[in-house]
Amino acid sequence: MDLDVLQYVIDNEHEHLIEAVESSGSKMETAVGVGKLLLANNGDLNVLKGRQNYVYKTCIEPVFTVGCDGIYGDDTCTGNGWVDEESLFLSYQEEEFLCQHCRFDADRIAAE
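Keep in mind that this is a model prediction, so the values were computed, not measured. (Residues numbered from 1 in each chain as written. Predicted model: local features only at pLDDT ≥ 70, side-chain atom pairs only at ≥ 80, totals over all residues. Heavy atoms only, no water.)

Draft legend 1. Inspection of the overall build of the protein chain at higher detail. Along the protein chain, the regular secondary structure elements total 6 helices and 0 strands. For the protein chain, the succession of helices and strands along the chain, N to C, is α-α-α-α-α-α. When its C-alpha atoms are laid out on the principal axes, the protein chain stretches across 50 × 25 × 20 Å. In the protein chain, once contacts between residues fewer than 6 apart in sequence are set aside, the share between residues at least 24 apart is 58%. In the structure as shown, the protein chain presents an accessible area of about 6,600 Å², 47% of it carried by carbon and sulfur atoms. The average position of the 7 basic charges and that of the 22 acidic charges among the side chains of the protein chain differ by 11 Å. (Helix = DSSP H or I, 4+ residues; strand = E, 2+ residues; numbered from the N terminus. Contact = heavy atoms within 4.5 Å. Areas by Shrake-Rupley, 256 points an atom, 1.4 Å probe, with all protein chains shown as cover. Lys, Arg positive; Asp, Glu negative; His and termini not counted. Charge placed at Lys NZ, Arg CZ, Asp CG, Glu CD.)

In structure tokens:
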């Protein structure tokens, strides 16, 4: 779990977090509380109890599993279709969700 990504998503109440919370039936305050608990404990999932585990699985975990937008839009990813962990924080910051392969290809195309 990338704690920088978690901090960013919580601080900015990112749309991916909002969507996950809404689809889970949880409340944003609860998801943020679980996220802050994880941040305070270096991402240690063992600190979660009872319903906190559900909130983690349905609200927090999905923000780390994000589909790649592809360099030309839907279904044009040159990787495996998912934003890799190394690219995830930058993707959140730039609001452009690209895997390393697509990011490399997009940079190469822009340079041509």
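Moving on, there is more to tell.
Draft legend 2. Spatial organisation of the side chain of Ser-91. Along the chain, Ser-91 falls in helix α5 (residues 85-94). Not counting chain neighbours up to four residues away, the residues in contact with Ser-91 comprise Val-83, Glu-96, Phe-97, Leu-98 and Arg-103.

Draft legend 3. Quick peek at helix α1 (residues 3-11). Turning to α1, its buried residues are Val-5, Leu-6, Val-9 and Ile-10. Looking down the long axis of α1, one finds its buried residues gathered within 125 degrees of arc, a one-sided arrangement. Structurally, α1 contributes buried residues whose contacts are with α2 (15-24), α3 (28-40), α4 (51-60) and α5. Where α1 begins, the capping side chain belongs to Asp-2, and its oxygen is found 2.9 Å from the backbone nitrogen of Asp-4. Two residues or fewer past α1, Glu-13 is found with a positive phi of approximately 40 degrees. (Buried < 20%, exposed > 50% of the residue type's maximum accessible area, 1.4 Å probe, protein only. Arc of directions from axis to C-beta. Polar contact = N/O pair within 3.5 Å; in protein donor to acceptor, adjacent residues only side chain to side chain.)

Draft legend 4. Fine view of the nonpolar core. If you look at the biggest cluster of nonpolar residues, it comprises 28 residues, and the most contacted ones within it are Leu-17, Ile-60 and Tyr-92. Looking at this core, the elements that each hand over two or more residues are α1, α2, α3, α4 and α5. With 6 residues, α3 is the single largest residue contributor to this core. Ignoring any residue separated from it by four or fewer positions in sequence, one finds Leu-17 in contact with Val-9, Ile-10, Met-28, Ala-31, Cys-59, Ile-60 and Val-63. (Core = buried A, V, L, I, M, F, W, Y, C linked by side-chain atoms within 4.5 Å.)

Draft legend 5. Broad picture of the packing of aromatic side chains. Inspection of every chain in the model, using the stated rule, returns 3 aromatic pairs. With 6.0 Å between their ring centres and 90 degrees between their planes, Tyr-8 and Phe-89 make a pair best called edge-to-face. In this pair, Tyr-8 is assigned in helix α1 and Phe-89 in helix α5, connecting sequence segments 81 residues apart. Taking relative accessible area as the criterion, Tyr-8 reaches 22% and is therefore assigned partly exposed. Taking the centre distance of 5.0 Å and the plane angle of 90 degrees together, the rings of Tyr-92 and Phe-97 count as edge-to-face. When sorted by exposure, Tyr-92 lands in the same class as Phe-97, which is buried. By way of ring pairs, the aromatic residues Tyr-8, Phe-89, Tyr-92 and Phe-97 are connected into one cluster. (Phe/Tyr/Trp six-rings, centres within 6.5 Å; stacked < 30°, edge-to-face > 60°.)

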